[in-house]
Number of protein chains: 2
Amino acid sequence: LEQDDYERIAKILKKHEIRYLLFTGGNGTMDALGKIYKAASGEEIYVGGIPKTIDNDIAVTDHAPGYASNAQYMASIVNDCNQDIKGLPIHVSIIEAMGRNTGWLAAASALAKKEEGDAPHLLYFPERPFSEEKFLSDVQRLYERYGGVVVVASEGLKYADGTPIVKPSLTIGRAVYFGDVSAHLANLVLQKLGIKARSEKPGIIGRCSSLHVSPVDREEAILMGRTAARAVLSKKTGMMAGIKRIANDPYAIEATLIPIEEVMLTEKTLPDHFINSEGNGVTEAFLDWLRPLVSSPPEHISFLRRS
Amino acid sequence: LEQDDYERIAKILKKHEIRYLLFTGGNGTMDALGKIYKAASGEEIYVGGIPKTIDNDIAVTDHAPGYASNAQYMASIVNDCNQDIKGLPIHVSIIEAMGRNTGWLAAASALAKKEEGDAPHLLYFPERPFSEEKFLSDVQRLYERYGGVVVVASEGLKYADGTPIVKPSLTIGRAVYFGDVSAHLANLVLQKLGIKARSEKPGIIGRCSSLHVSPVDREEAILMGRTAARAVLSKKTGMMAGIKRIANDPYAIEATLIPIEEVMLTEKTLPDHFINSEGNGVTEAFLDWLRPLVSSPPEHISFLRRS
């Protein structure tokens, strides 16, 4: 959409006497909403944003509805794969997490790790440059130690020079199609280390899994919708509903209103203190931040300990 | 393993006075067990097989434990993806099902379809030669009709001449590594039809999903273990436990014992009357056979009907 389009949208809203406009979505949606808000300034049109993205890349709000459920999905599948890999410790499994520019979902899988040797063993985020040498030596070391290794990698990994580690397979118009990072990494492990490797790429299966809805997430999604609706009905305009965290234990939040301009231009990536110093895992600070949002993965009864 | 190895295994069992040997697994496992059974003939060694494979390719038994839970997984994820695709009907999603030589798991996803227009829209099995032209015309037609299309494809699709549709990406020793059928089909849709397409490949995530365990599957797995254990303890040897279906409604089975020779050499593929005439879906006969094994996917509340 171009500037003309936003002005036309404002005119159409006015013509049809549409006075309340609520958009739910992520960064792109909030950007569009902000542009309509500007184009409609001076008119009696009240716009409000409801944050919702599994990528969790919306600025200012502590987190966005949608993320916690997909985070729960990631923790749950890696918890299950931990048993699969311990039961048949012959290969390296590379699981691809959604999030082209942010590692929030890959990071969430760290909740599955309960004790030394548990999956996930290695995490890779687009927030850190990807080093093939470091990746291969990490995998080699862990394979020798545990036999089965689970790697979780974000779909948008880049080298230090900023180029994606998997080249676009196809460009149609403005759309760019990348190959799978997980398949690429599994091939690297096979070819360079000669170790059996496979890739799993749940993709939209994670983002729509009805069995992994986080109860906290569901409640907060409703709260965000209600907050934004109340704002526009009381003639507050150009605001996105947001979450402000008050306390971690017991978990407490309050709903806030965030000027849409503060949201429009910024993409919230994983902050430095949530990524470990080697760039292949998360910190306790991240887990403390995440735990209240997600139910713990179930305990499995395992008689397959290797250590 | 070679013939020598089986004879050495039989000698080792005898030397250590191991008299009972139970193997649980699929075709390969039963083949190995049968060879040990032959090598140990004449000795007081009692061998028994416990069927267990998500691929459901073991002969004679009505079905094998492990299959129903992964079938439940396939039906559940496609039921969820149906909502995702209806909510954002812009692309074709190709979901890869495990099963290199059989389409049992791809077929199971058909349980997700509740009404006209629901996913899965197209299914492809290794039991039928894959035609690129027919696939593309099927996808084009359904895309024009529904906007969002869900295809479920078995990982081992082959052309009419028997060659796999995705060439091996790597061969290390005796191991052959194939590329992903789902990624290949998504690329075909993008390149030949210019329609947005993506691929999802849950892989081992489906085979180990603790949230999708079918209660019937769990009970039958225990029954198969008990049946095989009782057989060897009563000095019946060279038999695999199996399931004989007595009735569909209400569902009733009985445990049987099947001579291991009948299992060793045969791979059970989808029978003709379970595949539709176009080769891109299943028949009511298959769904009638499958329904008692799997809990129905949940109903979603949808206000996203397109028709």
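Provided above is the structure to which this section pertains.
None of these values were measured; they are calculated from a predicted model.

Participant: Kindly report on the overall build of chain A, identifying the contributing residues and their values.
Facilitator: Per the secondary structure count, chain A includes 10 helices and 10 strands. For chain A, the C-alpha radius of gyration of 21 Å lies close to 19 Å, the compact-globule estimate for 307 residues. In chain A, which comprises 307 residues, the proportion classed as buried is 54%. The long-range share in chain A, meaning contacts at least 24 apart out of those at least 6 apart in sequence, stands at 72%. As displayed, chain A has an accessible area near 13,700 Å², and 53% of this comes from carbon and sulfur atoms. Across chain A, 35 positive and 39 negative side-chain charges occur, with their mean positions spaced 3 Å apart.

Participant: So, the sheet that holds strand β1 (residues 20-25) of chain A: which residues are in play, and what are the values?
Facilitator: Residue and element names in this part refer to chain A. Pairing within the open sheet is mixed, and its four strands lie in the order β1-β2-β9-β10. Every other strand in the sheet has two partners, leaving β1 and β10 (251-259) as the edge strands with one partner each. Sheet twist, expressed as the average angle between the axes of neighbouring strands with direction ignored, equals 30°. Pairing of strand β2 (residues 46-51) with strand β9 (residues 239-248), which is carried by two bridges, proceeds in the parallel orientation. Residue pairing in the sheet places Gly49 in a bridge with Met240 of β9. Across the sheet, helix α2 (residues 27-39) is in contact with β1, β2 and β9; its angle to β1 comes to roughly 160°.

Participant: An account of the pairing of strand β9 (residues 239-248) of chain B is requested, with residue identities and associated values reported.
Facilitator: Residue and element names in this part refer to chain B. As judged from the nine bridges shared by β9 and strand β10 (residues 251-259), these two strands associate in the antiparallel manner. Paired with Met240 across the two strands is Ile258, which belongs to β10. Between β9 and the antiparallel strand that follows it, β10, lie two residues.

Participant: I'd like a description of the sheet that holds strand β8 (residues 197-200) of chain B, backed by residues and values.
Facilitator: Residues and elements named next belong to chain B. Spatially, the four strands line up as an open sheet ordered β4-β5-β3-β8, and their pairing is parallel. The strands lining the two open edges of the sheet, one partner per strand, are β4 (122-124) and β8. Here the strands of the sheet are splayed against their neighbours by 20° on average, with no regard to which way each runs. Both strand β3 (residues 92-97) and strand β5 (residues 149-154) contribute to a ladder of six bridges, which runs parallel. Within the sheet, the bridge partner assigned to Ala97 lies in β5 and is Ser154. Here helix α3 (residues 67-87) sits on the sheet and contacts β3 and β5; the angle it forms with β3, its principal contact strand, is near 170°.

Participant: A description of the nonpolar core should follow, citing residues and the corresponding values.
Facilitator: Among the nonpolar cores identified, the biggest contains 80 residues, and Phe286(A), Leu290(A), Phe286(B) and Leu290(B) are the most heavily contacted of them. The contact partners of Phe286(B), leaving out residues within four places of it in the chain, are Tyr67(B), Trp104(B), Ala107(B), Ala108(B), Leu270(B) and Phe274(B).

Participant: Requested: an account of the packing of helix α5 (residues 132-146) of chain B against helix α6 (residues 181-193) of chain B, with residues and values cited.
Facilitator: The angle between the axes and the distance between the axes are what describe a pair of packed helices. Residues and elements named next belong to chain B. Orientation of α5 relative to α6, taken along the N-to-C sense of each, is 75°, at an axis distance of 11 Å. With respect to each other, α5 and α6 are oriented roughly perpendicular. From α5, Glu132, Phe135, Leu136, Val139 and Gln140 reach across to α6, where they touch Leu185, Leu188, Val189, Lys192 and Leu193. Grouping the amino acids of the contact of α5 with α6 by side-chain chemistry returns seven nonpolar, one polar and two charged.

Participant: How would you sum up the interface of chain A and chain B? Please name residues and give values.
Facilitator: Contacts between the two partners involve 40 residues from chain A, matched on the other side by 40 residues from chain B. On the chain A side of the contact with chain B, Lys201(A), Ile204(A) and Ile205(A) bury the most area, a combined 19% of that side's loss. Counting every contact that joins chain A to chain B gives two salt bridges. Asp84(B) serves as the salt-bridge partner of Arg207(A), at 2.7 Å between the closest nitrogen and oxygen. Connecting chain A to chain B are nine residue pairs in polar contact (both at pLDDT 80 or more). Every element with two or more residues in the side of chain A that touches chain B is listed here: α3 (67-87), β3 (92-97), β6 (168-172), α6 (181-193), β8 (197-200) and α7 (204-207) of chain A. Per-element tally for the side of chain A that touches chain B: the top contributor is α3(A), with seven residues. Split into classes, the residues belonging to the side of chain A that touches chain B amount to 19 nonpolar, 13 polar and eight charged.

Calculation criteria
- Residues numbered from 1 in each chain as written.
- Chains lettered and ligands numbered in written order.
- Predicted model: local features only at pLDDT ≥ 70, side-chain atom pairs only at ≥ 80, totals over all residues.
- Heavy atoms only, no water.
- Helix = DSSP H or I, 4+ residues; strand = E, 2+ residues; numbered from the N terminus.
- Rg over C-alpha atoms; globule rule 2.2 N^0.38 Å.
- Buried < 20%, exposed > 50% of the residue type's maximum accessible area, 1.4 Å probe, protein only.
- Contact = heavy atoms within 4.5 Å.
- Areas by Shrake-Rupley, 256 points an atom, 1.4 Å probe, with all protein chains shown as cover.
- Lys, Arg positive; Asp, Glu negative; His and termini not counted.
- Charge placed at Lys NZ, Arg CZ, Asp CG, Glu CD.
- Pairing = 2+ DSSP bridges.
- Axes fitted to C-alpha atoms, helices over the stretch in contact; angles between N-to-C directions.
- Core = buried A, V, L, I, M, F, W, Y, C linked by side-chain atoms within 4.5 Å.
- Parallel < 35°, antiparallel > 145°, perpendicular 65-115°, else oblique.
- Nonpolar A, V, L, I, M, F, W, Y, C, P; charged D, E, K, R; others polar.
- Buried area = accessible area lost by both parts, 1.4 Å probe.
- Salt bridge = Lys/Arg side-chain N within 4 Å of Asp/Glu carboxyl O.
- Polar contact = N/O pair within 3.5 Å; in protein donor to acceptor, adjacent residues only side chain to side chain.

Distances and angles like these do not, on their own, reveal function.
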